[in-house]
Amino acid sequence: MKIYQIDSSARKKGSTSRALAKKLLDKIKKPEDEIIYRDLDDEMLFVSGLTESGMNIDEKDQTEEHKKMFELSDKLVKELKESDIIIISAPIYNYGPPATLKAWSDLVARVGETFRFKPNGRREGLLKNKHAYLIITSGGTKLNSSEDFLTPWLKFILNFFGIDKVDTISADQMALDYNKSIKNAELQIQNVFSRKD
Ligand SMILES: Cc1cc2nc3c(=O)[nH]c(=O)nc-3n(C[C@H](O)[C@H](O)[C@H](O)COP(=O)(O)O)c2cc1C
């Protein structure tokens, strides 16, 4: 099995979401698994010069900027497509996702790769048989409350790519009671079912 771990906190040292993602990885990985790691804080690009969703631009029409965008997008799409289990760690930033995670989703939304247009014009996800785990952290925002635009968005975007098995582990409201929040998250990790493969 391939496990893909994606971290997105802009904080490298002392990051809770990164530490919890590592704990979850240690809990679920088996010796024969391959781990693919991506730190969105190390390398990211915003989509630019596009007119529609799906990043469909003929090679001959691609500018230098487009080429760089496609190079990173190709890498990210490949990593996602070849993985069986995906762990995404993300802190809530200003009630939503870190900008790098939003940019990641824009680069991964590739027509013919991660989704397709159906004859009726609606979009359909192409990634099947994948299991995603989200590690969500926050200071004061309660998970899944009306102020949390990260968790529902991230679930929705993964569903859009076809990934419909999504479990969430959270250390939310850490600023209110850090120890309680971490204990709760660690309990959630302990309770993740052992894999049957
Ligand atoms: C730029 C920025 C924006 C933030 N916005 C919010 C927010 O809207 N709601 C919230 O509860 N916490 C917010 N926080 C606090 C972080 O969510 C919290 O410190 C984070 O979940 C910890 O994760 P980390 O240690 O992995 O970085 C923000 C932090 C930063 C750096």
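Please refer to the structure higher up on the page.
All of the points below concern the structure found in this document. (Residues numbered from 1 in each chain as written. Predicted model: local features only at pLDDT ≥ 70, side-chain atom pairs only at ≥ 80, totals over all residues.)

1. Details of the nonpolar core
- In terms of nonpolar packing, the biggest core is built from 37 residues, with L24, I87, I88, V108, L134 and I135 touching the most fellow members.
- For this core, the elements supplying multiple residues, two or more each, are strand 1 (2–7), helix 1 (16–28), helix 2 (64–82), strand 3 (85–91), helix 3 (99–108), strand 6 (131–137), helix 4 (150–160) and strand 7 (165–171).
- When neighbours within four sequence positions are excluded, L134 is seen to be in contact with I88, T151, L154, V166, T168 and I169. (Core = buried A, V, L, I, M, F, W, Y, C linked by C-beta atoms within 7 Å. Buried ≥ 20, exposed ≤ 12 C-beta atoms within 10 Å, placed from the backbone. Helix = DSSP H or I, 4+ residues; strand = E, 2+ residues; numbered from the N terminus. Contact = placed C-beta atoms within 7 Å.)

2. Details of the sheet that holds strand 1
- Taken together, the five strands give an open sheet; going across it, the order is 2-1-3-6-7, and neighbouring strands pair in parallel fashion. The strands lining the two open edges of the sheet, one partner per strand, are strand 2 (34–39) and strand 7. Taken over all neighbouring pairs, the strand axes of this sheet differ in orientation by 15 degrees on average, direction set aside.
- Two elements, strand 1 and strand 3, share five bridges in a ladder whose sense is parallel. (Pairing = 2+ DSSP bridges. Axes fitted to C-alpha atoms, helices over the stretch in contact; angles between N-to-C directions.)

3. As for unusual backbone geometry
- The residue N94 is not glycine, and still its phi comes out positive at about 45 degrees.
- By the element assignment, N94 lies in the loop between strand 3 and helix 3.
- Since 10 C-beta atoms lie within 10 Å of it, N94 is described here as exposed.
- The phi dihedral of N144 falls on the positive side, at around 65 degrees, and the residue is not glycine.
- Relative to the helices and strands, N144 is located in the loop between strand 6 and helix 4.

4. Side note on the site of the ligand
- Close to the ligand lie 16 residues; S17, P91, T137, G139 and T141 are nearest.
- Top element by residues in the shell around the ligand is helix 1. It accounts for three residues.
- Residues of the shell around the ligand, tallied by class, amount to four nonpolar, 10 polar and two charged. (Near = placed C-beta within 6 Å. Nonpolar A, V, L, I, M, F, W, Y, C, P; charged D, E, K, R; others polar.)

5. So, the environment of I189
- As for its position among the elements, I189 is in helix 5 (residues 178–190).
- Placed 59 residues apart in sequence, I189 and K130 show a C-alpha to C-alpha distance of 19 Å.
- Not counting the four nearest positions on each side in its chain, I189 is found in contact with L20, K23, L24, K27 and I169.

6. Quick word on the environment of G49
- Considering the arrangement of structural elements, one finds G49 in the loop between strand 2 and helix 2.
- Residue classification places G49 among the exposed residues on the basis of 10 C-beta atoms within 10 Å.
- Between the C-alpha atoms of G49 and K81, which are 32 residues apart in sequence, the distance is 25 Å.
- Once residues lying within four places of it in the same chain are set aside, the contact partners of G49 are T63, E65 and H66.

Purely geometric numbers; function is a separate question.
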